[in-house]
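Listed below are the residues making up each chain.
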Amino acid sequence: METPATTIQLVKRIDQILKLLLLVGGILIVFLLFNYPNLIVTFIVLGVVLCAGFYLPRHISWQIREQRALQAKTQELEKWGFASRDREGPWINYIDYPLLYKSPIAIDKYFYSDWLVIENGNIIVNPGANTYDKEAGTVSYNIQSPRTYAWDGCTPKRLFYWFALIGTPDWWHKELKIQKLTSSGQIIDKTVFWQVALHASLVHDALYQYLDNIPIAKREVDGLFYSMLLEAQVPHLIANIYLFAVVKFGANDVGANESKQNSSLSCATFKNIIDKS
């Protein structure tokens, strides 16, 4: 007999893609019932195969993934007093250096965490190993000790029977100019050969990861995502579709204009670097 907790786990594993498939499948079954009833059995068999293709990779080893996520969230909560939002994956892209993006929405805004720093007009993803002194109210980052930050690109993406990755496309590859911090503390330009939506999705994912805690509203984060897509020369039509998706379906438990106060922590690591740039 299923307990309420078991039911909740099952619902969590039926994600956006599966919900969409089930909705479309239900509509088609009703259509076939009135027009082609002899095809219903064939359609249901195909539907089961299709749904299982998305469900099984998510279901198998779910408990291990959930335990690892809970452990990471607990450690983050104990350290900072807040924890990042759940992120789904699969993680197919990564950076092993601090990436920096300058944006007006971050001016006079300050936030510090393991994976995201907002420092007066600058958004830094993967800032490096850190030392947080809770009593002194200070945090410092060691940019000479790089970490690896992974993300899935534009969400959602799902494995299909482990041999195909299906979901929101990041589109074609091209050379993009990004900025990074070197181990010596310099801000330099870096040319990467990425799919055109990856830079925007990286910054958007990192901001969404801490959307419950940053001093920037969801509306501004989604607007930044849109402007970065256009900056990467994603066609306006595609950029508008992606904007609609994140506005309507992304983190819809957070109000569009909600934001937190600036961090009260003191951090000198990036201030000196940014002042020199």
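Since we're looking at a predicted model, the values are computed, not measured.

Calculation notes
- Residues numbered from 1 in each chain as written.
- Predicted model: local features only at pLDDT ≥ 70, side-chain atom pairs only at ≥ 80, totals over all residues.
- Heavy atoms only, no water.
- Helix = DSSP H or I, 4+ residues; strand = E, 2+ residues; numbered from the N terminus.
- Buried < 20%, exposed > 50% of the residue type's maximum accessible area, 1.4 Å probe, protein only.
- Contact = heavy atoms within 4.5 Å.
- Polar contact = N/O pair within 3.5 Å; in protein donor to acceptor, adjacent residues only side chain to side chain.
- Axes fitted to C-alpha atoms, helices over the stretch in contact; angles between N-to-C directions.
- Parallel < 35°, antiparallel > 145°, perpendicular 65-115°, else oblique.
- Left-handed = near helix turned anticlockwise from the far one by under 90°.
- Nonpolar A, V, L, I, M, F, W, Y, C, P; charged D, E, K, R; others polar.
- Pairing = 2+ DSSP bridges.
- Phe/Tyr/Trp six-rings, centres within 6.5 Å; stacked < 30°, edge-to-face > 60°.
- Lys NZ or Arg CZ within 6 Å of the ring centre and 35° of its normal.
- Patch = residues over 30% accessible without salt bridge, like charges linked within 9 Å, V, L, I, M, F, W, Y side chains within 5 Å.
- Areas by Shrake-Rupley, 256 points an atom, 1.4 Å probe, with all protein chains shown as cover.
- Salt bridge = Lys/Arg side-chain N within 4 Å of Asp/Glu carboxyl O.
- Core = buried A, V, L, I, M, F, W, Y, C linked by side-chain atoms within 4.5 Å.
- Expected span 1.5 Å × (residues − 1).

Colleague: Sorry if this is basic, but what is going on with the environment of K134 here?
Modeller: As for its position among the elements, K134 is in the loop between β6 (129-133) and β7 (138-142). Take K134: its relative accessible area is 54%, and that puts it in the exposed class. For K134, the residues in contact, after removing those within four places along its chain, are E78 and K79. In terms of polar contacts, K134 uses its side chain to reach the backbone carbonyl oxygen of E78, at 3.1 Å.

Colleague: Just checking my understanding: could you explain the environment of K271 for this structure?
Modeller: Inspection of the secondary structure puts K271 in helix α8 (residues 269-276). The exposure class assigned to K271 is partly exposed, which follows from its relative accessible area of 44%. Along the sequence, K271 and N120 sit 151 residues apart, while their C-alpha atoms lie 8.5 Å from each other.

Colleague: Explanation requested: the packing of helix α6 (residues 218-231) against helix α7 (residues 236-249) in the structure shown.
Modeller: With their axes 9 Å apart at the nearest point, α6 and α7 run at an angle of 160° to one another. Between α6 and α7, the angle falls in the class roughly antiparallel. Classified by chirality, the crossing of α7 by α6 is right-handed. Contacts from K218, D222, F225, Y226, L229 and L230 of α6 reach α7 at H236, A239, N240, Y242, L243, V246 and V247. Here the residues of the contact of α6 with α7 sort into 9 nonpolar, 2 polar and 2 charged.

Colleague: Just checking my understanding: could you explain the side chain of D170 for this structure?
Modeller: Structurally, D170 can be placed in the loop between β10 (164-167) and β11 (173-181). A polar side-chain atom of D170 sits 3.0 Å from a polar atom in the side chain of K157. For D170, the contacting residues outside a window of four places in its chain are D152, G153, C154, K157, Q195, V196, A197 and L198.

Colleague: I keep staring at the pairing of strand β5 (residues 122-125) and nothing clicks. Help me out?
Modeller: On a regular strand, one side chain projects to one face of the sheet and the next to the other, so that they alternate. Covered by surrounding structure in β5 are N122 and I124 together with I123 and V125, the residues of both alternating faces. The pairing of strand β2 (residues 99-102) with β5 spans 4 bridges and is classified as antiparallel. Paired with L100 across the two strands is I124, which belongs to β5. In terms of strand pairing, strand β4 (residues 116-119) meets β5 through 3 bridges, oriented antiparallel. Paired with V117 across the two strands is I124, which belongs to β5. Hairpin connection, β4 to β5: the antiparallel pair is bridged by 2 residues, and N120 has positive phi, about 45°.

Colleague: What's the story with the packing of aromatic side chains in this structure? I'm lost.
Modeller: By convention here, two paired aromatic rings are described through the distance between centres and the angle between planes. What the rule picks out here adds up to 15 aromatic pairs. Geometrically, the ring pair formed by F111 and Y210 is tilted, given 5.5 Å between the ring centres and 55° between the ring planes. On the criterion of sequence distance, the pair formed by F111 in strand β3 (residues 110-112) and Y210 in the loop between α5 (198-209) and α6 is long-range, its members being 99 residues apart. Of the two residues examined, F111 and Y210, each falls in the buried class. Taken together, a centroid distance of 6.1 Å and an interplanar angle of 55° make the contact between W171 and W172 tilted. Judged by its relative accessible area of 33%, W171 falls in the partly exposed class. Taken together, the ring pairs in this structure connect W80, F82, F111, Y132 and Y210 into an aromatic cluster. Just above the ring of W115 sits the side chain of R147; from NZ or CZ to the centre is 4.1 Å. One residue, K180, lies across the ring of Y97, its end atom 4.8 Å from the ring centre.

Colleague: Just checking my understanding: could you explain a nonpolar patch on the surface for this structure?
Modeller: A cluster of nonpolar side chains, namely L56, I60, I92, L159, W162 and L165, defines an oily patch on the protein surface of about 500 Å² accessible area. The class for L159 is partly exposed, based on a relative accessible area of 32%.

Colleague: What exactly am I supposed to notice about the nonpolar core here?
Modeller: I95, L116, W194, L207, I214 and F270 are the most contacted members of the largest nonpolar core, which totals 61 residues. Top element by residues in this core is α5. It accounts for 7 residues. Setting aside residues no more than four positions away along its own chain, I214 makes contact with F111, L116, I118, L207, V221, S259 and K260. One finds L18, C51, Y55 and F160 within the second-largest nonpolar core, a separate group that totals 6 residues.

Colleague: Looking at this model, I keep getting lost on helix α4 (residues 62-80). Mind explaining?
Modeller: Since the α-helix turns once every 3.6 residues, residues separated by three or four places project in the same direction. Along its 19 residues, α4 runs 27 Å from first to last C-alpha, staying within 8% of the 27 Å computed at 1.5 Å per residue. G81 lies just past α4 and shows a positive phi near 90°.

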